[in-house]
Amino acid sequence: MAKSNIEGLRTSFTRDEYTSPEIFALEMSHIYEQRWCYVGRSDQLVHIGDRLVADVGTESIVAVRNRDGELRAYFNVCQHRGSQLCDSSGSGHGAAITCPYHSWSYSLDGKLVGAIHHDKESFNRDGIALSPVSIDEWQGLLFVNLDTKAEPLIDWLGSLYSKPRDFEKFEIGSLKSVHTSVDEVRANWKVLVENYSECLHCSVVHPELCETVPVYKTGKTTQDERSDWGASLAKGKTAISFAQDENLPLLASMDDYSVFGAYVYPNMLIDVMPTCVAVSTYIPRSATHTTVVTDYLFPAEVATNPPVDLKPTLDFNEMVNQQDFAVSERVQRGVASKAFGQAYHTEMEKYAQRFVKQYRQDTKTN
Ligand code: FES
Ligand SMILES: [Fe+2]
């Protein structure tokens, strides 16, 4: 994070860094293809043969649960003539991964085990295998790293400035997904990260949320007097929801009505609320387009209890999301202008500054 030539401000990203396809490609190779990226939940890979397909940087990845019950992940590409193996998103199941082109099939450990019209002796199958990717799990959340020499996931999470490991007390892995929303946002992924990293916009953009979490009205994301980076709900409020009388159980370790949020560099947000957790992921498509997937997780007894009305909670959070997406798209239109050169951060945007610092280290730009 460089000091700007304007007293009291730090420089953020330039017009090119928000719009250039070349810089976008560099970000994918230096960040998304070298850092641990969130791809889904481990309850999507419960049984042997379950599979999950995810886009990471410019690559497609397939993750599976193998016959020993372990997680494995591979580049989603056949070693015969390069067909993509599994469809580009979603989950599925199979005892083997079979290419839809000429039916070469691979074991869940990635080895070539079958090729139709060829008997075993016709060519040497030893050494033909899917290209592996690192995969690991934390709190029921799955992360992959295309760099197989990467540091362990747990070390990486422990090193992040946003301290996601502090969230282990909420036992996110015990929660179940009840709803997933997918939004196509016409904004650079960094615009979304910067927006998430500050609350200067909250009083203007999120009036309903500010009524529920009063500190947000002040432009701060957390309360100075709290050491746990939390923010208390207003008196009488018990949930981030249009309804305050839902009688939903509180999450583990939620001994008062508070919210906590963490950006997990580069592609994930975790928002812990009194009654649920929202896990969002940014999937960058181009310099000007990002897919945002948000999963809403609730305690298992709530997820399987249809009489509990979750709509007020889901609708409230979706409203806040849409407010953020609208301002992010507005920013994207602005930063494409000839009149825009360089973004700035004030002292109150310190977490956005930390993001810029990590980005500059990874992309070796300064
Ligand atoms: S490309 Fe996959 S079997 Fe031919
Ligand atoms: Fe916001």
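Undergrad: Describe the overall build of the protein chain, and please don't skip the residues or the numbers.
TA: The number of helices and strands found in the protein chain is nine helices and 18 strands. Compactness check: the protein chain gives a C-alpha radius of gyration of 22 Å against a globular reference of 21 Å for 366 residues, within 12% of the reference. Overall size of the protein chain, expressed as C-alpha extent along the three principal axes, is 70 × 55 × 30 Å. Counting every position in the protein chain, which comprises 366 residues, the buried fraction comes to 51%. Considering only residue pairs separated by 6 or more positions, the protein chain has 63% of its internal contacts joining residues 24 or more positions apart. Accessible surface, the protein chain: about 16,900 Å² in total, of which carbon and sulfur atoms supply 49%. In the protein chain, 35 positive and 49 negative side-chain charges are present, and the distance between their average locations comes to 4 Å.

Undergrad: Just give me the short version of the sheet that holds strand E8 (residues 105–106), but keep the residues and values in it.
TA: The pairing of strands in a sheet happens through backbone hydrogen bonds and is either parallel or antiparallel. A sheet is described by the order of its strands in space; here three strands give the open sequence E7-E8-E9, paired in antiparallel fashion. Lying at the two open borders of the sheet, with one neighbouring strand each, are strand E7 (97–98) and strand E9 (112–114).

Undergrad: Tell me what's going on with the coordination of the iron ion (ligand 2), and back it up with residues and numbers.
TA: Taken together, the protein donors to the iron ion (ligand 2) comprise His201 (NE2), His206 (NE2), Asp324 (OD) and Asp324 (OD), at separations of 2.0 to 2.8 Å. With four donor atoms in place around the iron ion (ligand 2) and angles of 51 to 150° between them, the coordination shape is irregular. Positions of the donor residues of the iron ion (ligand 2), expressed as sequence spacing, correspond to H-x4-H-x117-D. There is no split in this pair, since His201 and His206 are both buried.

Undergrad: Let's hear about the state of the cysteines: which residues, and what values?
TA: Within the structure shown, the criterion is met by one disulfide. The side chain of Cys199 participates in a disulfide bridge whose partner is Cys202; the two sulfur atoms lie 2.0 Å from each other. Here Cys199 and Cys202 share a disulfide; its torsion about the S-S bond, -100°, makes the bridge left-handed. Just as Cys199 is buried, Cys202 falls in that class too. With no disulfide of its own, Cys210 lies 5.4 Å from the sulfur of Cys202, the closest cysteine sulfur. With no disulfide of its own, Cys276 has Cys202 as its nearest cysteine by sulfur position, at a separation of 17 Å. Cys276 gets classed as buried once you look at its relative accessible area, which sits at 0%.

Calculation notes
Residues numbered from 1 in each chain as written. Chains lettered and ligands numbered in written order. Predicted model: local features only at pLDDT ≥ 70, side-chain atom pairs only at ≥ 80, totals over all residues. Heavy atoms only, no water. Helix = DSSP H or I, 4+ residues; strand = E, 2+ residues; numbered from the N terminus. Rg over C-alpha atoms; globule rule 2.2 N^0.38 Å. Buried < 20%, exposed > 50% of the residue type's maximum accessible area, 1.4 Å probe, protein only. Contact = heavy atoms within 4.5 Å. Areas by Shrake-Rupley, 256 points an atom, 1.4 Å probe, with all protein chains shown as cover. Lys, Arg positive; Asp, Glu negative; His and termini not counted. Charge placed at Lys NZ, Arg CZ, Asp CG, Glu CD. Pairing = 2+ DSSP bridges. Donors = N, O, S within 2.8 Å, 3.2 Å for Na, K, Ca; no water. Tetrahedral: all angles 85-135°; square planar, octahedral: opposite > 155°, others 65-115°. Disulfide = S-S within 2.5 Å.

This is a description of form; function is not addressed.
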